[in-house]
Amino acid sequence: MSHKRIPKRKAAFAAGTVVALGAAAILLPNANASQDGSSNDAAAVAPKPLKATDASDLASQLQKLLGDAFAGSYYDADSRQLVVNVTAGNTSVVVQAKQAGAKVRVVDNSLTELAAGAKTLKDRATIPGTSWAVDPRTNKILVTADSTVTGAKWNTLESTVKSLGSDMATIKKSAGTFKTFVSGGDAIFGGGARCSLGFNVTAGDGSPAFLTAGHCGVAAEQWSDSETGQPIATVDQATFPGNGDFALVKYDDPATQAPSEVNVGGGQTVAIQQAADAEVGSQVFRMGSTTGLADGQVLALDATVNYPEGTVTGLIQTNVCAEPGDSGGSLFTQDGSAIGLTSGGSGDCTVGGETFFQPVTTALQAVGATLGAGDAAGGAGGDQAGGGEAGAGAGAGDEAGAGQEAGAGGDASASPGDEAGAGQEVGGEQAGGDVIGGQDTGNGQDAGNGQDAGNGTGDAGQSHN
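Structure report, in brief. Within each chain, residues carry numbers counting from 1 in the order of the written sequence. Reporting in this predicted model follows two pLDDT cut-offs: at least 70 for local features of residues, and 80 or more for side-chain atom pairs to be given and counted; totals over whole chains, interfaces and linings ignore these cut-offs and use all residues. Only hydrogens and water are set aside when side-chain values are computed; all heavy atoms of the structure are taken into account.

The next thing to look at is the environment of Glu261. Put simply, DSSP marks the helices as runs of H or I at least four residues long and the strands as runs of E at least two long, and each gets a number from the N terminus on. The residue Glu261 is located in strand S16 (residues 261-265) in this model. Only protein chains enter the calculation, and the probe is 1.4 Å; a residue is then buried if its accessible area is under 20% of its type maximum, exposed if over 50%, and partly exposed in between. Since its relative accessible area comes to 1%, Glu261 is described here as buried. With 62 residues separating them in the primary sequence, Glu261 and Phe199 have C-alpha atoms 7.4 Å apart.

This next bit is on the packing of aromatic side chains. To describe a pair of aromatic rings, one takes the distance between the centres and the angle between the planes. Pairing of aromatic rings covers Phe, Tyr and Trp, the last through its six-membered ring, and needs centres within 6.5 Å; plane angles under 30 degrees mean stacked, over 60 mean edge-to-face, and all others mean tilted. Taken as a whole and judged by the stated rule, the model has 4 aromatic pairs. Each ring, one from Phe178 and one from Phe356, has its centre 5.6 Å from the other, and the planes form 85°; the classification is edge-to-face. One end of the pair, Phe178, is in the loop between strand S7 (169-173) and strand S8 (179-180); the other, Phe356, is in strand S24 (residues 355-359), with 178 residues separating them in the sequence. On the basis of relative accessible area, Phe178 is assigned to the buried category, the value being 3%. Judged by relative accessible area, Phe356 falls into the buried class, the value being 0%.

Salt bridge, as applied in this entry: a Lys or Arg side-chain nitrogen positioned within 4 Å of an Asp or Glu carboxyl oxygen. Inspection of the entire model under this criterion finds 6 salt bridges. Residue Arg286 is joined to Asp326 by a salt bridge in which the shortest nitrogen-to-oxygen separation is 3.6 Å. With Arg286 in strand S19 (residues 283-288) and Asp326 in the loop between strand S21 (310-318) and strand S22 (330-332), this residue pair connects regions lying 40 residues apart in the sequence. On the basis of relative accessibility, which here comes to 0%, the residue Asp326 falls in the buried class. What emerges from the salt-bridge pattern is a single network uniting Asp205, Asp236 and Lys250.

So, on to the environment of Ser207. Counting through the fold element by element, Ser207 comes out in the loop between strand S11 (199-202) and strand S12 (208-212). Residue classification places Ser207 among the buried residues on the basis of a relative accessible area of 15%. Distance in space between the C-alpha atoms of Ser207 and Tyr251 is 7.7 Å, their sequence separation being 44 residues. Residue contacts are defined here by distance: any two heavy atoms, one from each residue, within 4.5 Å place the two residues in contact. Residue contacts for Ser207: discarding those within four places in its chain leaves Val201, Thr202 and Lys250. Reaching out from Ser207, the side chain makes a polar contact with the side chain of Asp205 at a distance of 2.6 Å. What qualifies as a polar contact is a pair of N or O atoms within 3.5 Å, subject to a donor-acceptor requirement within protein and to the restriction that residues adjacent in sequence count only when both atoms come from side chains.

Below, the structure is given as structure tokens:
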């Protein structure tokens, strides 16, 4: 009998629909990218209102266009604009960036100089309990030390930061300790550890699989969706520590139906339509088996974190809370873009803290997988991730990212008639203002227990930690 991972109840986000997921509901901006086709000069250089996913696409394009003059970017959620940093003295690239629709800010530190500063930190201050990442809003390296960094360790870190200069790096203390969020308990289990499923994917050989944290993948080879149940999936690849924190876990039954969606509790799901890069300043949501649904903001990219087990590079830094058991859980946007996998951090969902995530796009590329289930898309294999099935993911062998088209009309998660092409939000125009809420995160919400297997190892995004 096929091992299915399909929730009993589904509810896709659609335009004009209000989905209340908890007491603290959050109304997200619903503006589309400006496409008025205006040809006057004033309009050509005016910053455009953009959705967060559009801003991320534009930032990638401008980084290629501007070359060495590009010094980072971030999303201003209040004005719904992409802010692009360029180095001083590059007047021509300022015009190029403005014509592309971005707000331009001239800064002192280039990405090359900031990278050199990060290398100095790596060479002189790779101390467990520390992290660093470039903050494009300040154009500096943000260095963080947890509560274990004291005495000689603190002195070494502080002196290294000071040697870079106050215009290059800043340092702050974190009240908690940096750790991976693995726990013993319920949800999905392996070798006494509990982790959370990130996103269902199709492996390179066409078999059904899912992504989770690499430190979960190295903790146990086989995983079950119940504490005393038989294994249902086996680790195929795992990276941790080192250049990332991700694992590809293949379902043992090749007939497993694993939907491309995140179960956010209360019988609600978010259809996952594409993988996307994070953009500093954008709002994101995290789902995990311990704390359920939580939201926050992307603070920095390409973060280096020195866990007790070793150094991990290339992570997304956020202020989204997480706790033990949430490891591997999904980081996503309301429009159905898969962003990251929960790695670790400090603090909890009572006092807050820093949390780091493995970028999904990097993980997919590294393991050779594509987002979504191979048979879940209404037309497997094309460049269109649309079709007629609610919650459908990308076709097999097809990653529904920028430059692809999420077909309008057929997917119940897309607003009627709303086409999400390259750079637009798949999942439809959020006309009428959908509400996605931060659930009362944590406490009392056991997102992995007692729910259908769609919440455990098979449900894209439901924790199986």
